[in-house]
Amino acid sequence: MTYRRKILGLIGGAAVAALATGFSAGTALAQEVTLKLHQFLPAQANVPKLVLDVWADNVEKDSGGRIKVERYPSMQLGGKPPELMDQAIDGVADVVWTVVGYTPGRFPSTEVFELPFMMTNARAVSHAYWEMFEKHMKDDEFKDVHILGTWVHGPGMIHTADPVETPADLQGMKIRGGSRSVNSLLTKLGATPVGMPVPAVPEGLSKGVIDGTTIPWEVTTALKVPELVENHTEFEGRALYTLTFVLAMNKAKYDSLPDDLKAAVDKNSGLEFSVFAGGTQADSDGPARQVAEDLGNNIITIDAAGVEEWRALAQPIYDEWLADMDSKGKDGKALLEEAQMLIEEYTPQYSN
């Protein structure tokens, strides 16, 4: 081999090495990220299918495929539903969807939306919730996580083995309650509240551990509630209750993302996503209600006059919540008035 050919060979080898190094560096610069999304419902339930999968798919698309969202339904990463928020804080999961009320009293400001008969429209209340989260909760109660969305479900109601037409009908019943406020109301109405995560409801009903449950229509199909009880009590106008949710991300994971990947997450987070999530859950109420109708179940609607009787009995829940907020150094009265004002403002906007 001539000297010239040796030199060209060395140059060629160096060029290949440089290209390889450059490709490796370029790959590192085009960082790829996997996010583990953990939640408590089966994958086929409405929220995972219609909200969480949409969020995950959009983040993947807007990141140019550089973010991959692995979805873990039904607590597949371990633990119990009340532990989800700590899993997000500790990094067991990168993103979690959870019911805020699974840890009663830990995020007390959110409970303003869970008070009895506050809820008018899921989109309106989710809008108000996001605004108040940004103003009052982001840097306080939720400072340890990066919140991606805040929303509520559609009208909360009662599903029971025996019919419930008046507050007195709840006397002696064991009812699964979804939040601290709901449990307090059930107690005042003479029922025995039973705390259990949503996935445990079917077994609780089938084994007689509970006589009924408080959930919105939309989740009843996944839990087969209309096949386990025959009576459903809904309320005209303002709902008996609603629950608050968050989609929360590990703060360090979010902070570690390069700016363009943060932008992909941000684009799919915030007010617009929160209203979409709450509205999507509420839109699933109708088809689920139809399932109960088709089974011939007894659907009881409490009219406006009847609702007033329930509302009067619920007033002590407000007084107790205000006192609890005061004991935590928070201005409960101001939070309540602000929430009521925002809900009144946004309800016409989202009613059609």
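Now for a quick tour of the structure.

**Here's the deal with the side chain of Ser-109**
Okay, so step 1: Mapped onto the elements of the fold, Ser-109 is located in the loop between strand S3 (95-99) and helix H4 (122-137).
Okay, so step 2: For Ser-109, a relative accessible area of 2% translates into the label buried.

**Details of the sheet that holds strand S10 (residues 244-250)**
Okay, so step 1: Taken in spatial order, the five strands make up an open sheet running S2-S1-S3-S10-S4, and their pairing is mixed. In the strand order of this sheet, the two ends are held by strand S2 (67-72) and strand S4 (145-152), each with one partner. When strand polarity is set aside, the average angle formed by the axes of neighbouring strands in this sheet is 20 degrees.
Okay, so step 2: Pairing of S3 with S10 involves five bridges; the strand directions are antiparallel.

**Focus: the sheet that holds strand S6 (residues 174-177)**
Okay, so step 1: Across the sheet, which stays open at both edges, the six strands sit in the order S7-S6-S8-S5-S9-S11 with mixed pairing between neighbours. Both outer strands of the open sheet, strand S7 (192-195) and strand S11 (298-302), are each paired with one neighbouring strand and no more. In this sheet, adjacent strand axes meet at a mean angle of 30 degrees when their direction is disregarded.
Okay, so step 2: Relative to strand S8 (residues 212-216), strand S5 (residues 156-160) runs antiparallel, the two being bridged by five bridges. Within S8, the position partnered with Gly-156 by the bridge is Pro-216.
Okay, so step 3: Along the sheet, helix H5 (residues 180-188) contacts S6, S7 and S8; its crossing angle with S6, the most-contacted strand, is approximately 160 degrees.
Okay, so step 4: Those strands touched by helix H13 (residues 304-327) are S5, strand S9 (231-235) and S11, and its axis lies near 75 degrees from that of S11.

**Some details on the packing of aromatic side chains**
Okay, so step 1: Within the structure shown, the criterion is met by twelve aromatic pairs.
Okay, so step 2: Measuring from centroid to centroid gives 6.1 Å for Trp-151 and Phe-245, while their planes differ by 35 degrees, and the two rings are tilted. Here Phe-245 lies in strand S10 and Trp-151 lies in strand S4, a separation of 94 residues in the sequence.
Okay, so step 3: When its relative accessible area of 0% is taken as the criterion, Trp-151 is described as buried.
Okay, so step 4: Ring centres 5.5 Å apart and planes at 85 degrees place the aromatic pair Trp-151 and Phe-273 in the edge-to-face group. Taken together, the residues Trp-151 in strand S4 and Phe-273 in helix H11 (residues 271-283) connect sequence positions 122 residues apart.

**Some points on unusual backbone geometry**
In most cases, non-glycine residues show a negative phi, while peptide bonds are predominantly trans.
Okay, so step 1: If you check the backbone angles, Met-75 has positive phi at about 60 degrees while not being a glycine.
Okay, so step 2: Looking at the element boundaries, Met-75 is found in the loop between S2 and helix H3 (84-90).
Okay, so step 3: What makes Met-75 buried here is its relative accessible area of 12%.
Okay, so step 4: Despite not being glycine, Lys-224 has its phi angle at roughly 60 degrees, a positive value.
Okay, so step 5: Note that Lys-224 resides in the loop between helix H7 (220-223) and helix H8 (225-228).

Basis of the calculations
- Residues numbered from 1 in each chain as written.
- Predicted model: local features only at pLDDT ≥ 70, side-chain atom pairs only at ≥ 80, totals over all residues.
- Heavy atoms only, no water.
- Helix = DSSP H or I, 4+ residues; strand = E, 2+ residues; numbered from the N terminus.
- Buried < 20%, exposed > 50% of the residue type's maximum accessible area, 1.4 Å probe, protein only.
- Pairing = 2+ DSSP bridges.
- Axes fitted to C-alpha atoms, helices over the stretch in contact; angles between N-to-C directions.
- Contact = heavy atoms within 4.5 Å.
- Phe/Tyr/Trp six-rings, centres within 6.5 Å; stacked < 30°, edge-to-face > 60°.

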